[in-house]
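Listed below are the residues making up each chain.
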Amino acid sequence: MNYLEEYNYWLTKVTSDEKAELIALTEDEIQERFTLPLSFGTAGMRGVLGTGVYRMNNYTVARATTGLAKFILSTDKVNKSRGVVISYDTRIMSTEFAIVSAKVLAKFGIKVYLFENVRPVPVCSFAVRHLNAFCGIMITASHNPKEYNGYKVYGEDGAQMSPEDTEKVVAYINEITDYFSSEMVDVDIKAEDIRNSEGKVIADYINIIGKDLDSAYYDTIEKLCLSKDCIDKVKDEIKIVYTSIHGSGYVPVTTILSRLGMPLSVVESQANFDGNFPTVELPNPEMPQAMERAVELAKEVNSTIAIGTDPDCDRMGIAVKNNEGEFVLLNGNQIGVLLMDYILKRNIEKGTMPANPAVIKTIVTTNMASKVAKKYAATMFNVLTGFKFIGEKIKEWEKTGEYTYMFGYEESYGSLCGTHARDKDAVVASMLFCDMTCYYYLQGKTIYERLQELFEEFGYYKELSVSIEFKGLDGMDKMANIMSKLQKKFIDELAGNKVDNIEDYSSSIRKFSNGDTEVILLPKSKVILYNLECGDWVCVRPSGTEPKLKMYSSACGKTMNDAISLANKYIEDIKSIILSL
């Protein structure tokens, strides 16, 4: 069917409210909503809420879940009884999408573990492993605007589903051309039904889980605390400020900090579950506006740090008081370096460092991390962007015993300490950051002062990330065309610094300036990385979910101003080259 035929077909199938929404659309809006379906990739699917094939709604969720169910049935028959964990955050329609997913799976006779209320990404990942489920579904759009929601799938190891299995799921999804053909169990399930049914089977194959699973999670992550003695000594002297920004992090973060006796002040006006995120423009803790109330409270209670987590609590933002008494936001690279330094340092001090420690970062994460790892004799591994690749290394080392995983992180504010989960865990990150704050407080240092010490030791690093958006239905095609042209072009220098080599991950080839080449031993991906002779780098990659081309730069300078200036010049140069193609 063309988009108008699809649109008219939907008019005959949807509810009266949905029909009214469709009738009110302009011709351009109809074309935008019905020409192409939401794409389903290795990060699942994500989109604006609304009616149509290019929107997140009950029909697109049911279709995706039907494809997942058919994939599960194509595997070993025991997997349908191992089941699927379903978790969801506080976003609009998250609970409803979780229920729809559960009802579709149950119709196929697949066991479902449905949480009684919102739970964050790390708890979903933990639950898949703890319950020996075959896979998991997380309903979330992370830190996107309130108009968005999404659908992520996890494999049996608790990491986001592998590209190979995702490809099979997508094939089953694409076979479904009628969005109204997905069947569900004939049971009326509402949010209040699951809220009051923990430990019960509320319909054939649908099991409601909650506090027992939570307790197992808390017991596991509490063991990752590195300085409980320091917390006990300073808990009456300092304050920690936390905001969940109306998201799913409120209960787990406050619970684990309370269990450790951590002194905590919560931003109460942002503690309620609300998918409209009424107190912020964007529920993203890396943005100053999202952290404003936390900073205000930190000033009131005389705290030196404020912590915020996003709606699905897989990313953590931090504001710290600088030497002038002003609060500044740390970026994801700085947060990750501080945590990595602390984890390695404390394990050495406590005598718990294994003989073969390893840490992992993505290729667009600061090189400063490699220098810190080297100081502590830990091996640094680089992987492609996407936390599933960090999860793959953990899985590999569990089998081989070659390395012991200590920490992994991305520049995009996500990290994981421990192997209880295989995705970003901002609950553990929040716990460890508070733990670290208490540790340095006893030494007469703030977190900001510790960061300056690291800069003095390893150099001042600045990383930037900027996107170019390609609007319109052909946006993805435009972006792909530019990437193709960029692959064929050897750039000699950026901001006056010579390019040593270019890593083209789509062809798995590293090209040196002298003409030599070598194979890149990482999975293929649409990424181009420019390594400069001075040690800095610039990277370009398309977004996996949106028509945006992402540009990254990393620069090291003798001062922070030097690093900032150079990082900006790299972005200006690569952007100019891209726009000229």
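Conventions adopted
Within every chain, residues take consecutive numbers counted from 1 along the sequence as written. Since the coordinates come from a predicted model, pLDDT governs what is reported: local features require at least 70, and pairs of side-chain atoms require 80 or more to be given and counted, while whole-chain, interface and lining totals use all residues. With hydrogens and water stripped out, all remaining heavy atoms of the structure feed into the side-chain values. A helix here means a DSSP run of H or I that spans at least four residues, while a strand means a run of E at least two residues long, and both kinds are numbered starting from the N terminus. Radius of gyration: over C-alpha atoms. The globule rule applied is 2.2 Å multiplied by the number of residues raised to the 0.38 power. For every residue, the accessible area obtained with a 1.4 Å probe (protein chains only) is divided by the maximum for its type, and the residue is called buried under 20%, exposed over 50%, and partly exposed between those limits. We call two residues in contact whenever any of their non-hydrogen atoms come within 4.5 Å of each other. Areas reported as accessible are Shrake-Rupley estimates using a 1.4 Å probe. Residue values count occlusion only from the protein chains shown. Under the counting rule used here, the positive set is Lys and Arg, the negative set is Asp and Glu, and His together with the chain ends is not counted. Taken as the charge centre is NZ of Lys, CZ of Arg, CG of Asp or CD of Glu, depending on the residue. Whether two strands pair depends on DSSP finding at least two bridges between them. Only the stretch in contact is used when a helix axis is fitted, and all axes are lines through C-alpha atoms; the angle between N-to-C directions ranges over 0 to 180 degrees. Space inside and on the surface of the protein is sampled on a 1 Å grid over the protein atoms alone, with a cavity defined as a set of points where a 1.4 Å probe fits but cannot get out and a pocket as an open set with protein on both sides within 12 Å along at least 5 of 7 lines; lining residues have an atom within 4 Å of a point. Grid points are joined across faces, edges and corners, and a volume is the space filled by probe spheres set on the points. In this count, Pro and Cys sit with the nonpolar residues alongside Ala, Val, Leu, Ile, Met, Phe, Trp and Tyr, while Asp, Glu, Lys and Arg are called charged and the others, Gly among them, polar. Residues enter a nonpolar core if they are buried and are Ala, Val, Leu, Ile, Met, Phe, Trp, Tyr or Cys, with the set joined through side-chain atoms within 4.5 Å. Orientation labels follow simple angle bins: below 35 degrees gives roughly parallel, above 145 gives roughly antiparallel, 65 to 115 gives roughly perpendicular, and whatever is left gives oblique. Residue count minus one, scaled by 1.5 Å, sets the expected span of a helix. In this description, one arc is meant: the one made by directions from the helix axis to the C-beta atoms. Like-charged residues within 9 Å of one another, or nonpolar side chains (Val, Leu, Ile, Met, Phe, Trp, Tyr) within 5 Å, are grouped into patches, provided each residue has over 30% relative accessible area and no salt bridge. A pair is scored as a salt bridge if a Lys or Arg side-chain nitrogen falls within 4 Å of a carboxyl oxygen belonging to Asp or Glu.

> Looking at this model, I keep getting lost on the overall build of the chain. Mind explaining?
Per the secondary structure count, the chain includes 20 helices and 24 strands. A globule of 581 residues ought to have a C-alpha radius of gyration of about 25 Å, and the chain, at 24 Å, matches this closely. Expressed as lengths along the three principal axes of its C-alpha atoms, the size of the chain is roughly 65 × 60 × 50 Å. Looking at the 581 residues of the chain, the share that counts as buried comes to 57%. In the chain, the share of contacts with a sequence separation of at least 24, taken over all contacts with a separation of at least 6, comes to 69%. Summed over all atoms, the accessible surface of the chain reaches about 23,300 Å², with 47% contributed by carbon and sulfur. Of note, the chain has its 65 positive side-chain charges centred 3 Å away from the centre of its 80 negative side-chain charges.

> Sorry if this is basic, but what is going on with the sheet that holds strand β13 (residues 357–362) here?
Pairing between sheet strands relies on hydrogen bonds along the backbone, with the strands arranged either parallel or antiparallel. Sheet architecture is open: four strands sit in the order β14-β13-β15-β16, paired in mixed fashion. Two strands in the sheet have a free side with no partner beyond their single neighbour: β14 (379–383) and β16 (415–416). Sitting on the sheet, helix α16 (residues 387–400) is in contact with β13, β14, β15 (404–409) and β16, with an inclination near 180 degrees to β15.

> I tried to follow empty space enclosed by the protein on my own but got confused; where do I start?
Over the atoms a probe the size of a water molecule is rolled, and this reveals where empty space is left. One pass over the structure, following the stated rule, counts two cavities of 30 Å³ or more. Looking at the largest cavity, its volume works out to about 60 Å³. As for the largest cavity, its lining consists of 14 residues, of which Ile335, Tyr413, Gly414, Ser415 and Ala429 are closest to the centre. Partitioned by chemical class, the residues of the lining of the largest cavity number six nonpolar, four polar and four charged. Approximately 30 Å³ is the volume found for the second largest cavity. Lining the second largest cavity are Asn333, Gln334, Val337, Thr366, Met368, Tyr461 and Glu463. Every element with two or more residues in the lining of the second largest cavity is listed here: α14 (332–350) and β17 (460–469). Among the elements that line the lining of the second largest cavity, the one with the most residues is α14, at three residues.

> In this structure, what is going on with the nonpolar core? I would like to understand it.
Nonpolar side chains in soluble globular proteins generally cluster together in the buried interior. Residues Leu68, Leu114, Tyr151, Ile206 and Phe433 are the most contacted members of the largest nonpolar core, which totals 122 residues. If one sorts the elements of this core by residue count, helix α17 (residues 426–442) sits on top with twelve residues. The residues contacting leucine 68, other than those within four sequence positions of it, are Cys135, Ile137, Tyr151, Val153, Met161 and Val169.

> Mind showing me how you'd approach the packing of α14 against helix α15 (residues 368–375) here?
Helix packing geometry: the angle between the two helix axes and the distance between the axes. Between α14 and α15, whose axes approach to 10 Å, the crossing angle comes to 5 degrees. Put simply, α14 runs roughly parallel to α15. Across the interface between the two elements, Val337, Met340, Asp341 and Leu344 of α14 pack against Met368, Ala369, Val372 and Ala373 of α15. Split by residue class, the contact of α14 with α15 holds seven nonpolar, no polar and one charged.

> So what exactly am I meant to see when it comes to helix α19 (residues 475–487) here?
Every α-helix winds through 3.6 residues per turn, so residues three or four apart in the chain are directed the same way. Here α19 is 13 residues long and its end C-alpha atoms lie 19 Å apart, about the 18 Å a rise of 1.5 Å per residue gives. When we look at burial in α19, the residues that qualify are Gly475, Met479, Ile482, Met483 and Leu486. In an axial view of α19, the angular spread of the buried residues amounts to 100 degrees, which keeps them on one side of the axis. On its buried face, α19 is in contact with β22 (528–532), β23 (537–542), β24 (548–557) and α20 (560–580).

> Help me understand a negative patch on the surface, please; the structure alone is not making it clear to me.
Taken together, the side chains of Glu281, Glu292, Glu296 and Glu300 present a region of like negative charge at the surface. As for its position among the elements, glutamate 296 is in helix α13 (residues 292–301).

> How should I be thinking about the environment of glycine 386 in this particular structure?
Mapped onto the fold, glycine 386 is located in the loop between β14 and α16. Owing to a relative accessible area of 15%, glycine 386 belongs among the buried residues under this scheme. Taking the C-alpha atoms as reference points, glycine 386 and tyrosine 460, separated by 74 residues in sequence, lie 26 Å from one another. Residue contacts for glycine 386: discarding those within four places in its chain leaves Thr362 and Glu410.

By themselves, these figures tell us nothing about what the structure is for.
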